[in-house]
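Here's the letter readout for the chains.
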Amino acid sequence: MKVGLFFGSFNPVHVGHMIIANHMVEYTDLDQVWMVVSPQNPFKKSSNLANDYDRLQMVELATNGNDRLRASNIEFALPKPSYTIDTLVYLKEKYPNNDFSLIMGGDNLVHFHKWKNYEAILEHYRILVYKRPNYVTEAYDNHPSIQIVDAPLMQISATFIRQALRDGKSIQYLVPDPVWKFLDLSPIYR
Ligand code: ATP
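Draft legend 1. A look at the packing of aromatic side chains. One pass over the full model with this rule turns up eight aromatic pairs. When the centroid spacing of 6.4 Å and the interplanar angle of 70° are considered together, the rings of Y95 and F100 count as edge-to-face. The exposure class assigned to Y95 is partly exposed, which follows from its relative accessible area of 29%. An aromatic cluster of three or more residues is present, and its members are F6, F10 and Y130.

Here it is, written out as structure tokens:
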């Protein structure tokens, strides 16, 4: 099975993320997209970051009902901070029959050369890149491991959503409905 890994803090997950996940599963050869929730880095505690299990639950709520999208807590059990290369090696061991690719926005590709063992990632994994405004990714455009995918983009960030909640604004339509209902009943981000 071909699986695309979409990593994020998903703090909280929003429709911008869901549009990308769904687009990748519909318009590429991927069978599934796993949305991998990054655990809190114990050395970088951020008061803005909701706890790991709340963020995972919101991704589960967002992906429920779509068999091709999954929430993954795979990094919760790995040493922290989690490096993508270590997660990839672990996943390959655990799911030897799966063919894993990475999904990332052009904003991440710009910093990719600073990732641990980025050359090994490029050598062994395909990276599906969706362009984001203001980020130039040309340096990698012709790399054999990189596949550029044109995806519809929403100008939404989790930062904006957290601020809206703090300001007492409604976040309906910015996040999937079950996530909106979950956050409506919860003190998270307020
Ligand atoms: P924050 O505002 O807290 O920084 P975020 O909305 O950017 O959060 P992340 O959890 O950091 O969310 O995002 C996970 C991945 O999704 C990252 O690779 C990020 O670049 C990408 N992403 C975030 N927002 C969007 C969006 N509106 N459209 C497409 N990709 C997005």
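Draft legend 2. Here's a closer look at the site of the ligand. Close to the ligand lie 19 residues; D107, N108, M154, A158 and T159 are nearest. At 2.8 Å, a backbone N or O of I156 approaches a nitrogen atom of the ligand. Considering the ligand on its own, with 600 Å² of exposed area, one finds that the protein chains cover 84% of that surface. Applying the majority rule of atoms within 2 Å of the grid points places the ligand in the largest pocket. At the level of elements, β1 (2-8), α1 (15-27), α4 (106-109) and α6 (158-166) are the ones that each hand at least two residues to the shell around the ligand.

Draft legend 3. View of the pattern of salt bridges. Here the structure, examined in full by the defined rule, presents six salt bridges. Linking D29 and R126 is a salt bridge whose minimum nitrogen-to-oxygen distance equals 2.9 Å. Separated by 97 residues along the polypeptide, D29 in the loop between α1 and β2 (32-37) and R126 in strand β5 (residues 126-130) bring together distant segments of the chain. In this structure D29 comes out as partly exposed when scored by relative accessible area, which is 37%. D86 is the salt-bridge partner of K116, the closest N and O atoms lying 3.1 Å from each other. With a gap of 30 residues between them, K116 in the loop between α4 and α5 (118-124) and D86 in helix α3 (residues 84-94) connect regions that are remote in the sequence. Looking at D86, the relative accessible area reads 35%, which means it is partly exposed. What you see here is one network of salt bridges that share partners, running through K2, D29 and R126.

The rules behind each value
Residues numbered from 1 in each chain as written. Predicted model: local features only at pLDDT ≥ 70, side-chain atom pairs only at ≥ 80, totals over all residues. Heavy atoms only, no water. Phe/Tyr/Trp six-rings, centres within 6.5 Å; stacked < 30°, edge-to-face > 60°. Buried < 20%, exposed > 50% of the residue type's maximum accessible area, 1.4 Å probe, protein only. Near = heavy atom within 4 Å. Polar contact = N/O pair within 3.5 Å; in protein donor to acceptor, adjacent residues only side chain to side chain. Areas by Shrake-Rupley, 256 points an atom, 1.4 Å probe, with all protein chains shown as cover. 1 Å grid on protein atoms, 1.4 Å probe; cavity = no way out; pocket = protein on both sides within 12 Å on 5 of 7 lines; lining within 4 Å. Sits in = over half its atoms within 2 Å of the grid points. Helix = DSSP H or I, 4+ residues; strand = E, 2+ residues; numbered from the N terminus. Salt bridge = Lys/Arg side-chain N within 4 Å of Asp/Glu carboxyl O.

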